[in-house]
Amino acid sequence: MVDRLLIKNAAQIVTPEGKSARHGREMKQLKIYENQSILIENGKIRSIGNQPDWEKLVPADKQIDASGKAVLPGFVDSHTHLVFGGYRPDEFLWRMGGMSYMEIMERGGGILNTMKATREASREELVDHSMDFLKKMLAMGVTTVEAKSGYGQDHDTEIKQMEVVRDLNEKQPIELVSTFLGAHAVPPEYKDRGDDFIEFLLKDVMPEVAEKHLAEFCDVFCEKGVFSIEQSRHLLTEARKMGFKLKIHADEIVSLGGAELAGELHATSADHLLHASDEGIRAMADNGVVSTLLPTTAFCLKEPFARAREMIDAGCAVALATDFNPGSGFTFSVPLMIGLAVIYMKMTAEEAITALTLNGAAALDRADRIGSLEPGKQADLVILQYPSYKFLPYHTGINIVETVIKKGKVVVR
């Protein structure tokens, strides 16, 4: 049986094109169809255009009139810490009072605070906790989300977080991509023994994650006071041997050389990059590393934004993601993120759309199937309340997504 959906008469259909990341000047290149329609068949895009027989092919209850509205690819949030226990509002206000992130960590806050709450939470509690977030993300047009572990830093809790991601994939429409981030911090039981903790992850946790197919990527918080370049290189090199694709939290707090390491290892993405050096930017551009920027975290930390303009001009493929987490950025607001990117990071509206769709998909190694509106690709779409994509940054900080379609099914309307 053929299942069809017709989105007709769209004022604009707006999309980047291709099956890989768009680099540099390519990020501005959007295909724009005016007053056209999209025919979806069995969860995939069959065609874009206007054909007189389409309305006859599709029953009336499977047609959406998008007159006066813009249609875009579903948004891809390619960096989140979705699964966690507890909250940290006090720490947010401490930061607003001038306390540094490192000072908060020294007081027992930061990642270790969430680690304790996540270890204590049951699998069912974590599923329920995360489901509420995902419903709100979906309403903002997010159809694919990366979800990291890293709030356990022991065997049982890291496995539990990954199993929660798998459970969530079966319970709701957003497609979740799982990343193992056991090396998110050094837990108290390994204080001053970071090397030993890395070996523990490599020997006692990651083989089981790989065997059970609980995660597709391996990530590491490569940062001063957390994991060094040498430790990160060792972990990621061994992770690749186990079959993991590579990501890296790089150069968020200081310029440590994480972007250069991402280039050296040909990682799928390097993320944060607030203090990436010129050499690191070149390394990412030259080695096809997606530069995933997280403006809402810089905003919440009152830190300078990553140098998006310089990265794009150097030929990088830039993606945008929220970094949703309970500490440094307790927000998954796509509208806020777009506003910050265009207003403060010198990105054009076209670059921001590419960064949040096709390049976000590339950061998850899925650009061949999602991230753009092209025949043969998965039918993940958003319909805006307004006739142009330019309303995304213009209607600053406001959600203007009216309808969300995932795999050809209407999931928000």
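None of these values were measured; they are calculated from a predicted model.

This part is about the overall build of the protein chain. Regarding its fold elements, the protein chain presents 16 helices and 16 strands. For the protein chain, whose C-alpha radius of gyration is 21 Å, the value lies close to the compact-globule estimate of 22 Å for 413 residues. With the C-alpha coordinates of the protein chain rotated into their principal frame, the extents come out at 70 × 45 × 45 Å. The buried share of the protein chain, reckoned over its 413 residues, is 62%.

Moving on, we come to the UniProt feature "domain: Amidohydrolase-related" (unreviewed entry) in the protein chain. Mapped onto the present numbering, the UniProt feature "domain: Amidohydrolase-related" (unreviewed entry) falls at residues 71–411. As annotated, residues 71–411 comprises 43% helix and 17% strand, and the C-alpha atoms at either end are separated by 15 Å.

With that settled, consider helix 5 (residues 123–139). The end-to-end C-alpha distance of helix 5, which contains 17 residues, comes to 25 Å, matching closely the 24 Å that a straight helix rising 1.5 Å per residue would cover. Along helix 5, the residues classified as buried are L126, V127, H129, S130, M131, F133, L134, M137 and L138. G141, located one to two residues past helix 5, shows a positive phi value of around 95°.

Tracing the backbone shows Q231 in helix 8 (residues 229–241). Residue contacts for Q231: discarding those within four places in its chain leaves G194, D195 and V226.

Moving on: the sheet that holds strand 11 (residues 269–272). The strand order 6-7-8-9-10-11-12-13 describes an open sheet built from 8 strands, whose pairing is parallel. What marks the edges here is a single partner per strand, and that holds for strand 6 (75–77) and strand 13 (317–320). Pairs of neighbouring strands in the sheet enclose a mean axial angle of 25°, with direction left out of account. The pairing of strand 8 (residues 175–183) with strand 9 (residues 217–222) spans 3 bridges and is parallel. From the neighbouring strand, T179 faces strand 9, where its bridge partner is F217.

The next thing to look at is the UniProt feature "binding site: N-formimidoyl-L-glutamate" (unreviewed entry) in the protein chain. As recorded in UniProt, the sites labelled "binding site: N-formimidoyl-L-glutamate" (unreviewed entry) are Y151, N325 and G327. Of the residues just listed, which span 177 residues, no C-alpha pair is farther apart than 11.5 Å, and they cluster in one region. As for the annotated residues, the ones lining the largest cavity are Y151 and N325. Looking at where Y151 falls in the secondary structure, it is placed in the loop between strand 7 (142–148) and helix 6 (155–171). When its relative accessible area of 2% is taken as the criterion, Y151 is described as buried. Discounting residues that sit within four places of it in the chain, G327 has contacts with R88 and R95.

Summed over all chains, the structure comprises 31 salt bridges. The salt bridge involving D3 is made with K409; its shortest N-O contact spans 2.7 Å. With D3 in the segment before strand 1 (4–15) and K409 in strand 16 (residues 409–412), this pair connects stretches of sequence that are 406 residues apart. You can call D3 partly exposed: its relative accessible area is 24%. For the salt bridge of R119 with E189, the shortest nitrogen-to-oxygen distance reads 2.9 Å. Note that R119 is positioned in helix 4 (residues 111–120) and E189 in the loop between strand 8 and helix 7 (194–211), a separation of 70 residues in sequence. Each of E175, E216, K245, D365, R366, D380 and K406 takes part in salt bridges that share partners, so that together they form one network.

Right, let's talk about the packing of helix 7 against helix 8 for a bit. Contact geometry of helix 7 with helix 8 gives a least axis separation of 10 Å together with a crossing angle of 10°. Taken together, the axis directions place helix 7 and helix 8 in an arrangement best described as roughly parallel. From helix 7, G194, D195, I198, E199, L202 and M206 reach across to helix 8, where they touch Q231, H234, L235, E238 and A239. Partitioning the contact of helix 7 with helix 8 into residue classes produces 5 nonpolar, 3 polar and 3 charged.

With 2 bridges connecting them, strand 1 and strand 5 (residues 70–73) associate as parallel partners. The partner of I13 across the bridge, within strand 5, is V71. Sheet topology note: the strand 5/strand 14 (residues 381–384) ladder contains 3 bridges and is antiparallel. Each residue of the ladder has a partner; that of L72, found in strand 14, is V382.

If you add up the space inside the largest pocket, you get close to 480 Å³. Surrounding the largest pocket, 14 residues form its lining, M105, L112, V186, K191 and G225 being those nearest its centre. Here the lining of the largest pocket takes 3 residues from helix 3 (residues 101–106), the largest share from any one element. Residues belonging to the lining of the largest pocket are distributed by class as follows: 8 nonpolar, 3 polar and 3 charged. Considered as a void within the structure, the second largest pocket measures approximately 200 Å³ in volume. Considering the residues around the second largest pocket, the lining is formed by 13 residues, among which R95, S100, Y101, L301 and E303 are closest to the centre.

Rules used in this analysis
Residues numbered from 1 in each chain as written. Predicted model: local features only at pLDDT ≥ 70, side-chain atom pairs only at ≥ 80, totals over all residues. Heavy atoms only, no water. Helix = DSSP H or I, 4+ residues; strand = E, 2+ residues; numbered from the N terminus. Rg over C-alpha atoms; globule rule 2.2 N^0.38 Å. Buried < 20%, exposed > 50% of the residue type's maximum accessible area, 1.4 Å probe, protein only. UniProt positions renumbered as here; feature names shortened; annotations may be inferred. Expected span 1.5 Å × (residues − 1). Contact = heavy atoms within 4.5 Å. Pairing = 2+ DSSP bridges. Axes fitted to C-alpha atoms, helices over the stretch in contact; angles between N-to-C directions. 1 Å grid on protein atoms, 1.4 Å probe; cavity = no way out; pocket = protein on both sides within 12 Å on 5 of 7 lines; lining within 4 Å. Salt bridge = Lys/Arg side-chain N within 4 Å of Asp/Glu carboxyl O. Parallel < 35°, antiparallel > 145°, perpendicular 65-115°, else oblique. Nonpolar A, V, L, I, M, F, W, Y, C, P; charged D, E, K, R; others polar. Points joined across faces, edges and corners; volume = space filled by probe spheres on them.

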